[in-house]
Amino acid sequence: MLRVDSLTKSFGSQTILHDISLSLEDGETTVILGPSGSGKSTLLRCLNLLETPESGSLTIEGDTVEFGGKLSDDQVRTMRQHSAMVFQQFNLFPNYTALKNVALAPVLNGKMGKAQADQLARDLLVKVGLEHRIDSYPEHLSGGQQQRVAIARALAVSPDYLLFDEPTSALDPELEAEVIKVLVDLARERRSLVVVTHNMAFAQKVADRIIFLDGGQVTYNGAPSGFFSSDDERIRKFLNVYE
Ligand code: ADP
Ligand code: MG
């Protein structure tokens, strides 16, 4: 389980996330929706401690951090083991092959030797449909292929929660489809996914839960059916853009 209690995050004098509380079940796909600037990326980054909130707490799989003071390196390491992030801009290492991009983290974090990590990386690249691209460098891969390498890389560290920040926003529609297919496969395997996306078809068909952020507050948290049929004015205004 992933739980956030009364989480507040500011940049300077501007409060970006106001007293956020939510609880996600393992094996579910949660889609975070909301207007640009509503705090979606900041919330996701807080879950992976890429940002440090001022107050509140975060619990993932029984490990808890309370925000307010400085977190120890140990606390950060422990919490980060529970999740892995996939970014809009892929963020692959340009000077490494697909295989090495995926195999690197499990070796660096001491979980595996090189041979075992290479085998895992091969398996994961096959899983995301890149068996013919294992030895390619990022610059020779399409955006959709690079993003699938990034997903394999996230899977390689065996996270409990996979966090995706607009994973298809940099992609043309046909490349978006191949990345969405990988996400759908992961959802069907009942991986725990938290996905910020503007892909409403994915949100409607695949999500178990929709969280709507508006001005740094959660104003909807529940089933997709209730969200897409909501008569809340802000939600209707948000959805109208996609219709
Ligand atoms: P979203 O992902 O929903 O578009 P963000 O979480 O990126 O929203 O941003 C929410 C608000 O926080 C915006 O007003 C943005 O300008 C501000 N913000 C985000 N990151 C920073 C930062 N590192 N420093 C200052 N302000 C930031
Ligand atoms: Mg964002």
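The rules we used
- Residues numbered from 1 in each chain as written.
- Chains lettered and ligands numbered in written order.
- Predicted model: local features only at pLDDT ≥ 70, side-chain atom pairs only at ≥ 80, totals over all residues.
- Near = placed C-beta within 6 Å.
- Helix = DSSP H or I, 4+ residues; strand = E, 2+ residues; numbered from the N terminus.
- Nonpolar A, V, L, I, M, F, W, Y, C, P; charged D, E, K, R; others polar.
- Buried ≥ 20, exposed ≤ 12 C-beta atoms within 10 Å, placed from the backbone.
- Core = buried A, V, L, I, M, F, W, Y, C linked by C-beta atoms within 7 Å.
- Contact = placed C-beta atoms within 7 Å.
- UniProt positions renumbered as here; feature names shortened; annotations may be inferred.
- Pairing = 2+ DSSP bridges.
- Axes fitted to C-alpha atoms, helices over the stretch in contact; angles between N-to-C directions.

With respect to spatial proximity, the complete set of residues near ligand 1 consists of Phe11, Ile16, Gly34, Ser36, Gly37, Ser38, Gly39, Lys40, Ser41 and Thr42. With three residues, helix 1 (residues 40–47) is the single largest residue contributor to the shell around ligand 1. Split into classes, the residues belonging to the shell around ligand 1 amount to two nonpolar, seven polar and one charged.

A positive phi angle is found at Leu49, which is not glycine, with a value near 55 degrees. Within the fold, Leu49 resides in the loop between helix 1 and strand 4 (55–60). Residue classification places Leu49 among the partly exposed positions, given that 19 C-beta atoms sit within 10 Å. Phi at Glu166 is positive, roughly 45 degrees, even though this residue is not glycine. Examined against the element boundaries, Glu166 turns out to sit in the loop between strand 7 (161–165) and helix 6 (173–188).

Once that is clear, we can look at the nonpolar core. Residues Val102 and Ala152 are the most contacted members of the largest nonpolar core, which totals 65 residues. Here the element with the most residues in this core is helix 5 (residues 143–156); it accounts for seven residues. When residues no more than four places from it in sequence are discounted, the contact partners of Ala152 are Val102, Ala121, Leu124, Leu125, Lys127 and Val128.

Right, let's get into the UniProt feature "domain: ABC transporter" (unreviewed entry) in the protein. The feature "domain: ABC transporter" (unreviewed entry), as given by UniProt, occupies residues 2–240 in the numbering adopted here. The span residues 2–240 is 38% helical and 26% strand by assignment, and the distance between its end C-alpha atoms comes to 31 Å.

To continue, consider the sheet that holds strand 6 (residues 83–86). On the basis of which strands lie adjacent, the open sheet formed by six strands has the order 6-7-8-3-9-10 and mixed pairing. Both edges of this open sheet fall to strand 6 and strand 10 (217–222), since each of them pairs with a single strand only. Strand-to-strand, the axes of this sheet are offset by a mean angle of 15 degrees, without reference to chain direction. Both strand 9 (residues 209–214) and strand 10 contribute to a ladder of five bridges, which runs antiparallel. Counted as the bridge partner of Asp214 is Gln217 from strand 10.

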